[in-house]
Amino acid sequence: MTITITIPRTAIRWGLGLLVVVGLLHLLVILNLTERVDDNEIYHGVMEDNDIYDRIYEDVLLSDVFRDYTDQFFGNAEVDVYEEAVASLKYIFPPEYLESQTEGNADRFTSYLRGETPELEVYVELQEPLQRIPEVASREINRILDAVVIPQATETVACTESAIRELALSFVSVLQELRQYGRFPESLPTLQTLDQQCLLVEFDRWYNFLINDPTLPPALAAVISGTEDELRSGFAGGDTRTLLRVLAGPTILYLADLAVDALEGDIQANDRLDLLWLIASQSEGTTKQDILDDAKFFKDIVAFSNGPAKIIALVMVFAGLVLLALTDFTNPRQAFRWVGVALATGGVVCLVVGFTIHLMAPSEFTQVVGESLSYEGGAPSPAVVVGRDLLRSIGSEISGGFILLSTLPLIVGVVITGASFIRNDRGRWIRRGRAG
């Protein structure tokens, strides 16, 4: 007994039509996404459109999230004037440097997605900025020192050893404040507490009290000892501001060296700061390896979509259209009608899905990345706002570009479908004319 299963021709046509629609959906929408995501020009344009380069200075580097880290680039000198902080950052990281580093990371990211590099590397090169730290720190301290008011002594004290020791300790306190907080104390000492004759002859005693104070780090004392002649001149002239400036110079260089050493602890041997490590260190429960694993997963999806899935989708579309035509090969008009309906339906579905993705992608993209970095809501810092704006723009740009592609099969499908309903009556009219 033979059992014959007959599949209705209409069901076969619907199945082949679905095959064509799914293939078109991948080619025109999904493939458009995955091919645009590794286009570095998209990222370059998004940076400019969102004014990212200027906002990095103001909203990222000076935000609460990164301020402690940024202060090290000021040589640990306190920069409490916002405009001065921005100006200093632009000197340490010139706009053209920032742009080249940012675009370089975008190029490395897209190269990684295309499989041109085996591992994702996102970093900034800090060799030149590190060299500018001492200069910036010295400039900021000099600016602050120019603005401070040196107190005027109401009377002089006797030129005794205790008075000279007390004066030396007051300057040590200035150095301690400068060393710990990168600023001058509110109350400054003045050389005018000693008379001119005392200042001329007692420098060595004052200097020994200062340089041998046990609270002064030996490395800092060694640096200050190299300025003995300048200190002697300022002390003998009773010029407190000059003396403070001479003392501040070595102290700030000492602080700058500490800042550079601290930064170099986070920097690779080739003067590169690993941004993936930095991002992970600022996130809760996320490690650099977690970020690399997510990037590898995303790269595999892009590679599959642009490779095997693309070939499969092409086969689905062309094989589906050919088989649709063959379901009614004895009736060409009917065959072309099914082909046209399939193309037009695929175009409509692609437009609907594409518009949905385009509307949802920015917020979804932002949410996914935020979750991967363990950001937990609350009032977002300016740095987080910059990141969200950037991610939204990237999501919007990547999910665009599908309209023209989806419109093409829709128009072709409508034309083919419409043409299939046009009857060729020319032969019938000729025959009627001959018969008449």
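Whatever comes next refers back to the structure up there.
Residues numbered from 1 in each chain as written. Predicted model: local features only at pLDDT ≥ 70, side-chain atom pairs only at ≥ 80, totals over all residues. Heavy atoms only, no water.

## What to know about the overall build of the chain
Stated formally: Helix and strand assignments follow DSSP, with helices taken as H or I runs no shorter than four residues and strands as E runs no shorter than two, numbered in order from the N terminus. The cut-offs for exposure are 20% and 50% of the maximum accessible area for each residue type, with area from a 1.4 Å probe on protein chains only; residues under the lower value are buried, those over the upper are exposed, and the others partly exposed. Should any heavy atoms of two residues lie within 4.5 Å, those residues are considered in contact. Accessibility throughout is a Shrake-Rupley quantity obtained with a 1.4 Å probe, and a residue counts as covered only by protein chains that appear here.
Per the secondary structure count, the chain includes 20 helices and 2 strands. Residue burial in the chain is summarised as follows: out of 436 residues, 43% are buried. In the chain, the proportion of contacts linking residues at least 24 apart, taken out of those at least 6 apart, comes to 81%. In the structure as shown, the chain presents an accessible area of about 23200 Å², 59% of it carried by carbon and sulfur atoms.

## Details of the packing of helix H8 (residues 161-181) against helix H10 (residues 203-211)
What counts, and what does not: In this analysis, axes come from line fits to C-alpha atoms, helices being fitted only over the stretch in contact, and the angle between any two N-to-C directions falls in the range 0 to 180 degrees. Oblique is the label for every angle not falling under 35 degrees (roughly parallel), over 145 degrees (roughly antiparallel), or within 65 to 115 degrees (roughly perpendicular). Crossing handedness: left-handed means the near helix sits turned counterclockwise from the far one by under a right angle, and right-handed means the same turn made clockwise. Amino acid classes used here: Ala, Val, Leu, Ile, Met, Phe, Trp, Tyr, Cys and Pro are nonpolar; Asp, Glu, Lys and Arg are charged; the rest, including Gly, are polar.
Across the interface, H8 lies against H10 with an axial gap of 8 Å and an inter-helix angle of 45 degrees. By the angle between their axes, H8 is oblique relative to H10. As H8 runs across H10, the sense of the crossing is right-handed. On H10, the residues touching Glu 161, Ile 164, Arg 165, Leu 167, Ala 168, Phe 171, Val 172 and Leu 175 of H8 are Arg 205, Trp 206, Phe 209 and Leu 210. Within the contact of H8 with H10, the residues separate by chemical class into 9 nonpolar, no polar and 3 charged.

## Regarding the packing of aromatic side chains
So the rule is basically this: Only Phe, Tyr and Trp rings are paired, with Trp represented by its six-membered ring, and only when their centres lie within 6.5 Å; those with planes under 30 degrees apart are stacked, over 60 edge-to-face, the remainder tilted. For a ring to carry a charge above it, either NZ of a lysine or CZ of an arginine must fall within 6 Å of the ring centroid while also lying within 35 degrees of the normal to the ring plane.
Using the criterion set out here, one finds 7 aromatic pairs in the structure. Ring centres 5.9 Å apart and planes at 40 degrees place the aromatic pair Phe 203 and Trp 206 in the tilted group. Pair noted here: Phe 203 and Trp 206 are both in helix H10, with a separation of 3 residues, about one helical turn. Taking the relative accessible area as the measure of exposure, Phe 203 reaches 2% and is therefore buried. Taken together, a centroid distance of 5.5 Å and an interplanar angle of 25 degrees make the contact between Phe 203 and Tyr 207 stacked. Pair noted here: Phe 203 and Tyr 207 are both in helix H10, with a separation of 4 residues, about one helical turn. On the basis of relative accessibility, which here comes to 7%, the residue Tyr 207 falls in the buried class. In this arrangement the basic side chain of Lys 299 is found over the ring face of Tyr 112, its NZ or CZ atom lying 4.6 Å from the centre.

## Concerning the state of the cysteines
Each disulfide consists of a covalent bond between the sulfur atoms of two cysteine residues. So the rule is basically this: Note on disulfides: each one is a pair of cysteine sulfur atoms within 2.5 Å.
Scanning the entire structure with this criterion turns up 1 disulfide. In this model, Cys 159 is linked to Cys 198 through a disulfide, with the two sulfur atoms separated by 1.9 Å. Because the sign of the S-S torsion sets the handedness, a value of about 70 degrees for the bond joining Cys 159 and Cys 198 places this disulfide among the right-handed ones. You can see Cys 159 sitting in the loop between helix H7 (127-147) and H8 and its partner Cys 198 sitting in helix H9 (residues 196-201), a full 39 residues away along the chain. You can call Cys 198 buried: its relative accessible area is 2%.

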